Amino acid sequence: MSSEAIKKMSLGPEPNLVDYDNAYREFTWGWARDQLDGLPGGGLNIAHEAVDRHALGNRAKHVAMRFLNKNGEPTEHTFEDLRDKTNKFANLLRALGVVKGERVFALAGRIPELYIAALGTLKNQCVFCPLFSAFGPDPIKMRANIGGAKVLLTTTQLYERKVAQIRNSLPLLKHVLLIGENGEKTNVPGTLDLYELMETAGLEFSIGTTDEEDVALLHFTSGTTGIPKGAVHVHQAVIAHHVTGKLALDLHPEDVFWCTADPGWVTGTSYGIIAPLTNGVTSIIDEAEFDAERWYRTLQDEKVSVWYTAPTAIRMLMKAGDEIIKKYDLSNLRFMASVGEPLNPEAVVWSEKVFGIPFHDNWWQTETGGIMIANFASMKVKPGSMGKPLPGITATIVRNDEDRIIEEIKEPNVQGELALRADFPSLFRGYLNEPERYNNCFRSGFYLTGDLAKRDADGYYWFVGRKDDVIKTSGHLIGPFEVESILLEHKAVAEAGVIGKPDPIAMEVVKAFVSLKGGFEPSEELRRELLGHARKRLGAVVAPKEIEFLPSLPRTRSGKIMRRLLKARELGLPEGDVSTLEAC
Ligand code: AMP
């Protein structure tokens, strides 16, 4: 692709994507593939693109990852360091007899060993599967067995607390590699000491020929029903990781990038590990959990220029107030993006007020492997919109009421299911061992996302809700997000979750659960005020008929409000799989 629409990264702070329409028209995945190196002997391997090609070039001494431990103490790894350490990890696997295609699971916090293991695993052409370290024993057992884990990397502490008790129920698990506290040697029966193996492992490793379609990553995601789904991704996905990092996150070589996501979830792998490395930037990785002061301090001290976070965190920052921001120098921050759940317009407006730049919402999911729809640096942000499809991505809105027939909706502002033409490199290649569940996601060459959305006359996409969360009342389809957004704009509301409550006449009525900000108490007066506020803003059909106060709302560990659980509790039904429920 020759266009000026996508500038060479070396041109500096001008956005990489300067002209959306031209870039969209001219983009080809062949051009994107050419931005990468390829293995010297042919083929494509994520770890080569992320690490080795930079270690062999002029970015060898550039800091690739800067880790902050819980005390805030940093450890830096240059691209050269990363190459050496990931070579060792790959050699270690080889020495254990772990071969191409076998699955290496990791259960750890955001510590260097996890990142080294991920890339070393890919070098040895094994499949990397991260698990969220806050999972309890049952979700770990379930996922490790579905995924056929052969190796598990974890810390001594996590092993003793969560894995030892299920070890006998993991028949396929051959090797447990333990990371000792503070680099100390471990001595736990039935396990191996990671550092001991790393010490003796060889420093040289040559990545074997890797086909673009060889499986690289396994990410678990949850459906409305059934067991967790293992979404399978291949090495070719790196083309999308790289180019979306460049176009949607606007990564430039001198950027300091902070993705706050945990690698236990897909964002923490695609954009917490792969995309910043392939783009050659410095990544900040903070081991600690959310703390408003610490986050602002990190942005300041690490001179973060591009920041990728999530709406829940943004709302928590909003809750912490505007005054605290004034204590910090955030002048290096030039681009901020958000993903994972709806970003309410109020949060975008707030960010513009306090940072001088807006959060750029973008949309994607575990199955798509990379960002699909985004607000770009050079584009006008419409608060509340997810933005426009990435170059190379054909998005559309479809009617999907009939069993296997879909119909594209061409008119603007009509709600339907968000669908993507199934022709981009990072699209998942299967749900592990569940071909039927996988095939059900595709119709007429489109991948059906399960999300409801609208597209406006300018081509911006607007999230409505998950297909299965949408409320039907008096014949009207109502998106819970629309209602929640409005409630969140009320000064008293900290969190809002909206469900459809069965009703003999209207089929469902809109019911809202809200938790209040500090300084506000539930009262009949406040309840009426909120009902009035919502009714005024949304109209009688869309506004909630009922509001119930709760001290806090149930969320998944990745921050999404669990409407399903609110509904089950409301109806007195079994709560189902709550393994991803955040501990209250
Ligand atoms: P996950 O696979 O866990 O990343 O979840 C993907 C789902 O999160 C999507 O299908 C959406 O329902 C939701 N999601 C992700 N990004 C956004 C966004 N920007 N706005 C609204 N919902 C989002």
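By convention here, each chain's residues receive numbers from 1 onward along its written sequence. Restriction of local features to residues with pLDDT of at least 70 applies here, the model being predicted, together with a cutoff of 80 or more for giving and counting side-chain atom pairs; totals for whole chains, interfaces and linings are based on all residues. Side-chain figures throughout are based on the complete set of non-hydrogen atoms in the structure, without hydrogens or water.

### A few points about the overall build of the protein
Put simply, the rule reads: Only DSSP runs of H or I with at least four residues qualify as helices, and only runs of E with at least two residues qualify as strands; both kinds are numbered from the N terminus onward. For a compact globule the rule gives 2.2 Å times the number of residues to the power 0.38, and the radius of gyration it is set against comes from C-alpha atoms. Relative accessibility under 20% of the residue-type maximum defines a buried residue, over 50% an exposed one, and the middle range a partly exposed one, all with a 1.4 Å probe and only protein chains included. Pairs of residues are marked as contacts when any of their non-hydrogen atoms sit within 4.5 Å.
Summing up its helical and strand segments, the protein has 17 helices and 28 strands in all. Rg of the C-alpha trace for the protein: 24 Å, near the compact-globule value of 25 Å for 584 residues, within the 12% margin. Taking the principal axes of the C-alpha coordinates as reference, the protein spans close to 70 × 60 × 55 Å. Here the protein holds 584 residues, and the buried ones make up 61% of them. Within the protein, residue pairs in contact and separated by at least 24 positions form 68% of the contacts whose partners lie at least 6 positions apart.

### Concerning the site of the ligand
The test is simple: Consider each residue's heavy atoms; a residue with any of them within 4 Å of a molecule or strand counts as near. Between N or O atoms, a polar contact is any pair within 3.5 Å; within protein, one atom must be a potential hydrogen donor and the other a potential acceptor, and residues adjacent in sequence are included only when both atoms are from side chains. Surface accessibility follows the Shrake-Rupley procedure with a 1.4 Å probe radius. Residue values consider only the protein chains on display as shielding. Gly falls in the polar group here, along with every residue not listed as nonpolar (Ala, Val, Leu, Ile, Met, Phe, Trp, Tyr, Cys, Pro) or charged (Asp, Glu, Lys, Arg).
Near the ligand you find 15 residues, and of these Asp361, Asn362, Gln365, Thr366 and Asp451 are the closest. Contact distances for the ligand include 2.7 Å between a nitrogen atom and a backbone N or O atom of asparagine 362. For the ligand, the protein covers 88% of the area, taking 490 Å² as the surface of the free molecule. For the shell around the ligand, the element with the most residues is strand E14 (residues 359–363), which contributes three residues. By residue class, the composition of the shell around the ligand is six nonpolar, four polar and five charged.

### Quick look at the packing of helix H15 (residues 480–488) against helix H16 (residues 524–538)
Selection criterion: Lines fitted to C-alpha atoms define the axes, with helix axes restricted to the stretch in contact, and inter-axis angles between N-to-C directions lie between 0 and 180 degrees. Orientation labels follow simple angle bins: below 35 degrees gives roughly parallel, above 145 gives roughly antiparallel, 65 to 115 gives roughly perpendicular, and whatever is left gives oblique. Note on convention: the crossing is left-handed when the near helix lies turned anticlockwise from the far helix by less than a right angle, right-handed when the turn is clockwise.
Orientation of H15 relative to H16, taken along the N-to-C sense of each, is 120°, at an axis distance of 10 Å. Of the possible angle classes, the one that applies to H15 and H16 is oblique. Here H15 runs over H16; the crossing is right-handed. Contacts between H15 and H16 involve Glu482, Val483, Ile486 and Leu487 on the former and, on the latter, Leu530, His533, Ala534, Arg537 and Leu538. Residues that form the contact of H15 with H16 fall into these classes: six nonpolar, one polar and two charged.

### Structural notes on the nonpolar core
Note on soluble globular proteins: their nonpolar side chains tend to be buried together. To be explicit about the condition: Side-chain atoms within 4.5 Å are what join buried Ala, Val, Leu, Ile, Met, Phe, Trp, Tyr and Cys residues into a set we call a nonpolar core.
Leu277 and Tyr308 are the most contacted members of the largest nonpolar core, which totals 98 residues. Considering each element in turn, this core owes the most residues, seven residues, to helix H5 (residues 112–123). Those residues within four positions of leucine 277 in sequence are excluded, and the remaining contacts are Glu49, Ala50, Val51, His54, Ala64, Met65, Phe79, Leu82 and Leu119. Formed by 28 residues, the second largest nonpolar core is a distinct cluster that contains Trp295, Ile325, Trp350 and Ile357.

### Description of the packing of aromatic side chains
Put simply, the test is: For Phe, Tyr and Trp, where Trp contributes only its six-membered ring, two rings pair if their centres lie within 6.5 Å, and the inter-plane angle classes them as stacked under 30 degrees, edge-to-face over 60, or tilted in between. A ring has a charge above it when a Lys NZ or an Arg CZ is no more than 6 Å from the ring centre and no more than 35 degrees off the ring normal.
The tally for this structure, following the rule as stated, stands at 25 aromatic pairs. Relative to phenylalanine 376, the ring of tyrosine 20 has its centre 5.4 Å away and its plane inclined at 35°; by these criteria the two rings are tilted. Here tyrosine 20, found in helix H1 (residues 20–26), pairs with phenylalanine 376, found in the loop between strand E15 (373–374) and strand E16 (388–389); they are 356 residues apart in sequence, far enough to count as distant. Here tyrosine 20 matches phenylalanine 376 in class, with each residue buried. Chaining the aromatic ring pairs together yields one cluster made of Trp258, Phe290, Trp295, Tyr296, Trp307, Tyr328, Trp350, Phe355 and Phe359. Across the ring face of tyrosine 460, the terminal group of lysine 382 is positioned such that the distance to the ring centre comes to 4.6 Å.

### Focus on H5
Worth spelling out the cut-off: A helix's residues, less one, multiplied by 1.5 Å, set its expected span.
A rise of 1.5 Å per residue sets the reference length of H5, with its twelve residues, at 16 Å; its end C-alpha atoms lie 17 Å apart and thus fit the reference within 8%. Taken residue by residue, H5 has Pro112, Glu113, Leu114, Tyr115, Ile116, Ala117, Ala118, Leu119, Gly120, Thr121, Leu122 and Lys123 as its buried positions. Positive backbone phi, approximately 60°, marks glutamine 125, located one or two places after H5.

### Describing the pattern of salt bridges
Definition in use: Salt-bridge detection follows one rule: a side-chain nitrogen of Lys or Arg within 4 Å of a carboxyl oxygen of Asp or Glu.
A full pass over the atoms with the stated rule returns 39 salt bridges. The residue glutamate 484 makes a salt bridge to arginine 563 at a minimum N-O spacing of 2.9 Å. Taken together, the residues glutamate 484 in helix H15 and arginine 563 in helix H17 (residues 563–571) connect sequence positions 79 residues apart. Note that glutamate 570 and lysine 501 form a salt bridge whose closest N and O atoms lie 3.6 Å from each other. Here glutamate 570 is found in helix H17, whereas its partner lysine 501 is found in strand E26 (residues 493–503), with 69 residues between them in sequence. Looking at glutamate 570, the relative accessible area reads 23%, which means it is partly exposed. Here the residues in one salt-bridge network are Lys501, Lys511, Glu546, Glu548 and Glu570, joined through shared partners.

### Details of helix H4 (residues 79–95)
Between the first and last C-alpha of H4 there are 24 Å, a value that for 17 residues agrees with the 24 Å anticipated at 1.5 Å per step. Glycine 97 sits one or two residues past H4 and shows a positive phi near 80°.

### Digging into the side chain of threonine 78
Turning to its location among the elements, threonine 78 is positioned in strand E2 (residues 74–78). Ignoring anything within four residues of it in the chain, the contact list for threonine 78 reads Ala60, Lys61, His62, Val63 and Ala64.

### Describing the confidence of the model for the protein
Spelled out, the test is: Here pLDDT means the predictor's own confidence in every residue, given as a number from 0 to 100.
Across the protein, the average pLDDT comes to 91, with 93% of residues at or above 70. Predicted confidence for residues 7–12 stays below pLDDT 50, and this span has twelve contacts to residues more than four positions away or in other chains.

### Things to note about the environment of asparagine 344
With respect to the helices and strands, asparagine 344 occurs in the loop between strand E13 (335–338) and helix H13 (345–355). Judged by its relative accessible area of 1%, asparagine 344 is buried. If sequence neighbours within four positions are ignored, asparagine 344 has contacts with Arg315, Phe481, Ser485 and Leu488.

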